[in-house]
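# Observations on the three-dimensional arrangement
This is what each chain is made of:
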Amino acid sequence: MSETAIESILHEERIFQPPAEFAASAHVKSLDEYKALYDRAAKDPEGFWGELAERELDWFEKWDKVLDWQPPVAKWFVNGKLNISHNCLDRHLTTWRKNKAALIWEGEPGDSRTLTYAQLHREVCQMANVLKQLGVQKGDVVGIYMPMIPEAAIAMLACARIGAVHSVVFGGFSAEALHDRLNGAEAKAVITADGGFRKDKVITLKEQVDKALANNTVPSVQKVLVVQRTGEETHMEPGRDVWWHEARQNVSADCPAEPLDSEDMLFILYTSGSTGKPKGVVHTTGGYNLYSHMTLKWAFDLQETDIFWCTADVGWITGHSYIVYGPLSNGATMVMYEGVPRPSNPGCFWDVVEKYGVTIFYTAPTAIRSFIKAGDQHPNARDLSSLRLLGTVGEPINPKAWMWYYQVIGDERCPVVDTWWQTETGGFMVTPLPGATPTKPGSATFPFPGIVADVVDLDGNPVGNSEGGYLVVKQPWPGMMRTVYKNFERFRRSYWEHIPPKDGQYFYFAGDGARKDEDGYIWIMGRVDDVINVSGHRLGTMEIESALVSHPSVAEAAVVGKPDEIRGESIVAFVILEEEYEPTDELNKELKQHVVEEIGAIARPGEIRFSDDLPKTRSGKIMRRLLRSLASGQEISGDTSTLQDRGVLDKLRGGA
Ligand code: WT7
């Protein structure tokens with residue numbers, strides 16, 4: 001964010017009180033109520049979370065101890081036994097919710113399907129039994145590579161039901177990226193579909209799976225379960241591939257949920273970091289179930305009659321916590337949509353809101369900015385009066401986008417809930433509670449009850465009001481990640497050592513910069529590490545650099561983010577070619593395509609600049625700060641005294 005942008009948000013004086021009518025029936029009704037919850041949780045975290053766990057979830061066996069904290073290792077609800085699929089399904093079947101819509105699904109071509117809790121339960125049990133037949137056992141990892149269809153949620157719940165660990169890979173990732181993730185997790189089986197519909201095209205997911213598994217390069221994978229979605233001709237590998245619609249004919253719809261330990265692994269989800277390959281973030285059963293459940297209930301004020309739509313993909317944590325587990329654990333009705341706004345229907349999101357009477361809508365700032373660009377005529381042509389709350393996530397929301405969301409979509413009636421959180425945190429961490437918290441456009445406001453968040457310097461000391469610092473969390477919380485899959489040391493290094501512990505106080509380092517204003521509101525300023533955020537998707541610069549360097553023409557590459565009006569950031573790559581290659585337009589295109597094949601379309605560089613040198617320190621470190629300034633056309637400011645060869649800057653500027 002530029003300094004002027006920072007200035008303008010720090011002088012943001014608009015403040016929006018929770019609407020009185022909204023507050024009157026909300027779960028948390030006033031700022032005083034929020035403060036009381038917050039103080040209670042801070043004074044007695046075990047009492048606070050223990051009571052909620054008892055009240056909100058079903059347990060097969062109660063825990064012995066709420067929290068065992070041996071920093072940075074947390075165990076929540078020690079020795080408790082439960083199953084999240086039971087909490088998301090079975091327990092609702094003994095109530096009137098049995099025939100309530102659990103999942104309303106809209107396909108991109110316009111087909112649709114509604115599953116009640118009883119129907120969803122039946123399908124989950126069947127898929128769980130099919131997985132068992134395929135040899136999947138408790139503790140095995142199952143890769144899920146799916147379009148946005150009900151079976152994506154069914155697959156996750158089926159794994160959870162039998163104690164298998166799912167590892168969902170976003171359907172937009174390439175075969176190469178899928179290959180790495182399946183290998184990294186040693187997946188035993190993969191659940192996929194023949195394909196899906198995206199932007200009026202068929203995407204061939206099964207073909208990507210075949211490529212990812214080619215020549216037995218992922219030896220752990222024994223079976224592939226394939227859901228029929230597009231009906232296109234699909235290769236089926238004998239002995240390995242099984243159609244879901246065939247396999248389910250031979251299994252019972254009865255599959256009791258396996259009693260799992262609170263700390264049994266529920267899922268792995270890969271996310272980018274500033275170094276090395278993506279990390280497999282590990283979440284466990286009990287704490288995650290409670291945390292995704294409570295955060296949704298309070299921050300989105302989820303009520304029995306709500307129709308909740310989160311526009312994310314199940315391939316991201318947002319889809320895990322707020323399409324699948326949070327809504328279903330609460331017994332809510334959730335909407336799932338296969339499509340995205342596209343030239344043939346730029347107003348499709350508003351069609352979905354109108355068609356199903358969506359009451360709570362949750363999307364990303366990048367989507368909001370593209371709606372602004374597409375024009376008010378699209379939302380204005382639909383009836384959006386069912387909406388009562390608007391959520392946002394993924395990157396800092398600029399006040400202008402916030403105001404448009406509030407006025408044009410919410411008709412100045414719906415609270416805007418800006419939720420700051422991460423794959424690692426499992427659920428919302430800093431967020432308004434809509435019946436309680438006065439909001440300021442661009443601020444995620446205050447920490448959720450039970451979250452001891454602060455803005456500190458590198459020694460862990462709180463910084464003064466409006467001074468920049470690092471966002472940290474000082475106490476464990478139930479939804480926190482437990483480790484990096486098979487790499488505890490990386491977990492410790494990435495999150496717990498940036499700010500060294502002192503006097504027994506540990507600091508969870510989120511990787512985001514932040515400021516607190518004079519009223520204690522938290523303003524997230526964006527990543528402080530080598531991670532860039534493109535359209536709310538997190539990408540490591542090193543990951544993209546490795547993809548570039550794996551092309552025979554590339555000798556060296558440096559990747560930085562450049563501010564982008566719609567996407568937040570776009571990717572700029574500086575590339576040094578091997579001697580025998582010439583910088584041509586064709587090569588430029590080829591390299592962009594190469595990154596798409598190595599990672600996926602979300603990592604396609606917006607710009608590649610060829611160069612014969614890069615600004616480096618005398619010790620050979622690339623000076624990204626300078627490259628960032630160059631990429632965005634800004635003057636080089638600050639200290640350049642450590643630069644080895646000043647001539648490089650002039651050359652790069654000339655070439656821009
Ligand atoms: C990073 C986490 C959590 C689901 C989506 C992304 C950025 C996320 C906000 C927000 C400012 C935000 C941060 C964070 N971020 N939400 N409301 N305001 N920044 O999950 O891929 O794990 O990325 O997204 O930089 O660290 P993720």
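For the structure itself, look to the data block above.
The structure contained in this document is the topic of the report that follows. All values reported here derive from a predicted model rather than from experimental measurement. (Residues numbered from 1 in each chain as written. Predicted model: local features only at pLDDT ≥ 70, side-chain atom pairs only at ≥ 80, totals over all residues. Heavy atoms only, no water.)

Within the chain one finds 21 helices and 30 strands. By the compact-globule yardstick of 26 Å for 656 residues, the chain fits well, its C-alpha radius of gyration being 24 Å. Seen along its three principal axes, the alpha-carbon backbone of the chain occupies a region of about 75 × 65 × 55 Å. Buried positions account for 61% of the 656 residues belonging to the chain. Counting only carbon and sulfur atoms, one obtains 47% of the accessible surface of the chain, whose full area is about 25100 Å². (Helix = DSSP H or I, 4+ residues; strand = E, 2+ residues; numbered from the N terminus. Rg over C-alpha atoms; globule rule 2.2 N^0.38 Å. Buried < 20%, exposed > 50% of the residue type's maximum accessible area, 1.4 Å probe, protein only. Areas by Shrake-Rupley, 256 points an atom, 1.4 Å probe, with all protein chains shown as cover.)

All chains considered together, the criterion is met by 43 salt bridges. Of the charged contacts in the structure, one is a salt bridge between D140 and K188, with a shortest N-O distance of 3.2 Å. With a gap of 48 residues between them, D140 in the loop between α6 (117-133) and β6 (141-145) and K188 in the loop between α8 (175-185) and β8 (189-193) connect regions that are remote in the sequence. Given a relative accessible area of 15%, D140 falls into the buried group. Its salt-bridge partner being D210, residue K206 comes within 2.8 Å of it at the nearest N-O pair. One end of the pair is K206 and the other is D210, both in helix α9 (residues 205-213) and 4 residues apart, which spans about a single turn. K206 gets classed as buried once you look at its relative accessible area, which sits at 1%. Since its relative accessible area comes to 18%, D210 is described here as buried. Among the ionic contacts, a cluster of salt bridges with common partners joins R113, E123, E151 and R248. (Salt bridge = Lys/Arg side-chain N within 4 Å of Asp/Glu carboxyl O.)

Residues W49, L120, I191, F300 and Y325 are the most contacted members of the largest nonpolar core, which totals 124 residues. It is helix α7 (residues 150-162) that provides the largest number of residues to this core, a total of 10 residues. Those residues in contact with Y325 that lie beyond four places of it in its chain are I84, C88, M156, L157, A160, H166, L266, Y288, S292 and H320. Among the nonpolar cores identified, the runner-up in size contains 48 residues, and V190, A212, A557 and I571 belong to it. (Core = buried A, V, L, I, M, F, W, Y, C linked by side-chain atoms within 4.5 Å. Contact = heavy atoms within 4.5 Å.)

Let's shift gears to the site of the ligand. What surrounds the ligand is a group of 17 residues, the closest being D418, T419, T423, D512 and R538. G394 is positioned with one of its backbone polar atoms (N or O) 3.1 Å from a nitrogen atom of the ligand. In this structure, a nitrogen atom belonging to the ligand sits 3.3 Å away from a main-chain N or O atom of E395. Of all the elements in the fold, those that place two or more residues in the shell around the ligand are α12 (317-329) and β25 (522-527). A breakdown of the residues in the shell around the ligand according to their chemical character gives 6 nonpolar, 6 polar and 5 charged. (Near = heavy atom within 4 Å. Polar contact = N/O pair within 3.5 Å; in protein donor to acceptor, adjacent residues only side chain to side chain. Nonpolar A, V, L, I, M, F, W, Y, C, P; charged D, E, K, R; others polar.)

With that settled, consider helix α5 (residues 84-93). Within α5, 10 of the 10 residues are buried, which leaves the element mostly enclosed by the surrounding structure. Along α5, the positions that sit buried rather than exposed are I84, S85, H86, N87, C88, L89, D90, R91, H92 and L93. Two to three positions downstream of the cap, the backbone nitrogen of S85 sits 2.7 Å from a side-chain oxygen, assigning the N-cap of α5 to N83.

Take the packing of aromatic side chains next. Going through the model one piece at a time under the given rule, you end up with 46 aromatic pairs. With centroids separated by 5.0 Å and ring planes inclined at 85°, the aromatic side chains of F267 and Y288 adopt a geometry described as edge-to-face. Placement of F267 in strand β14 (residues 265-271) and of Y288 in helix α11 (residues 285-299) is noted, with a sequence separation of 21 residues between them. What makes F267 buried here is its relative accessible area of 0%. (Phe/Tyr/Trp six-rings, centres within 6.5 Å; stacked < 30°, edge-to-face > 60°.)

The next thing to look at is the sheet that holds strand β30 (residues 607-610). Taken together, 3 strands build an open sheet; the order of strands is β28-β29-β30 and the sheet is mixed. The strands lining the two open edges of the sheet, one partner per strand, are β28 (554-564) and β30. Averaged over all adjacent pairs, the angle separating strand axes in this sheet is 25°, with direction ignored. This element, helix α19 (residues 585-598), spans β28, β29 (568-577) and β30 of the sheet and lies at about 130° to β30. (Pairing = 2+ DSSP bridges. Axes fitted to C-alpha atoms, helices over the stretch in contact; angles between N-to-C directions.)

So, about the pairing of β6. In terms of burial, β6 is a largely internal element, 5 of the 5 residues being buried. Burial along β6 is two-sided: V141, G143 and Y145 facing one way and V142 and I144 facing the other are all buried. Inspection of the sheet shows β6 paired to strand β7 (residues 165-168) by 4 bridges, in the parallel sense. Within β7, the residue paired with V142 across the bridge is H166. Examined bridge by bridge, β6 and β8 share 4 bridges and lie parallel to one another. The partner of V142 across the bridge, within β8, is A189.

We now examine the side chain of T541. As for its placement among the helices and strands, T541 is situated in helix α18 (residues 541-549). Excluding its chain neighbours within four sequence positions, the residues that come into contact with T541 are D530, I532, V559 and R624.

Attention now moves to the sheet that holds strand β21 (residues 453-456). Taken in spatial order, the 4 strands make up an open sheet running β21-β22-β24-β25, and their pairing is antiparallel. The open sheet is flanked by β21 and β25, the only strands paired with a single partner. Strand-to-strand twist of the sheet, defined as the mean angle between neighbouring strand axes without regard to direction, takes the value 45°. The sheet contact formed by β21 and strand β22 (residues 469-473) spans 4 bridges and is antiparallel. What sits directly across from V455, in β22, is L471.

What follows covers the side chain of H92. Take H92: it is sitting in helix α5. A relative accessible area of 2% places H92 in the buried class. At 2.7 Å, the side chain of H92 forms a polar contact with the backbone oxygen of L328. Excluding anything up to four places from it in sequence, H92 contacts N87, R97, K98, Y117, L328, S329, N330 and G331.

Bringing the packing of α6 against α7 into the picture now. Direction vectors running N to C along α6 and α7 enclose 60°, while the axes themselves pass 8 Å from each other. Of the possible angle classes, the one that applies to α6 and α7 is oblique. Remark: the crossing between α6 and α7 carries right-handed chirality. Contact residues: L120, H121, E123, V124, C125, M127, A128, L131 and K132 in α6; E151, I154, A155, L157, A158, C159, R161 and I162 in α7. The residue inventory of the contact of α6 with α7, partitioned by class, reads 12 nonpolar, 1 polar and 4 charged. (Parallel < 35°, antiparallel > 145°, perpendicular 65-115°, else oblique. Left-handed = near helix turned anticlockwise from the far one by under 90°.)

Contact geometry for helix α3 (residues 31-43) and helix α4 (residues 45-56): axes closest at 5 Å, N-to-C directions at 115°. When the axis of α3 is compared with that of α4, the two are roughly perpendicular. In this structure, α3 contributes L37, R40, A41, A42 and K43 to the contact, and α4 contributes P45, G47, F48 and E51. Of the residues belonging to the contact of α3 with α4, the class tally is 5 nonpolar, 1 polar and 3 charged.

Below, the discussion takes up unusual backbone geometry. Here P71 and P72 are connected by a cis peptide whose omega angle stands at 0°. Here P72 is to be found in the loop between β1 (65-70) and β2 (73-78). In this structure, F77 takes a positive phi of about 55° despite not being glycine. At N216, a position not held by glycine, the phi torsion is positive, near 55°. Here N216 shows up in the loop between α9 and β11 (223-227).

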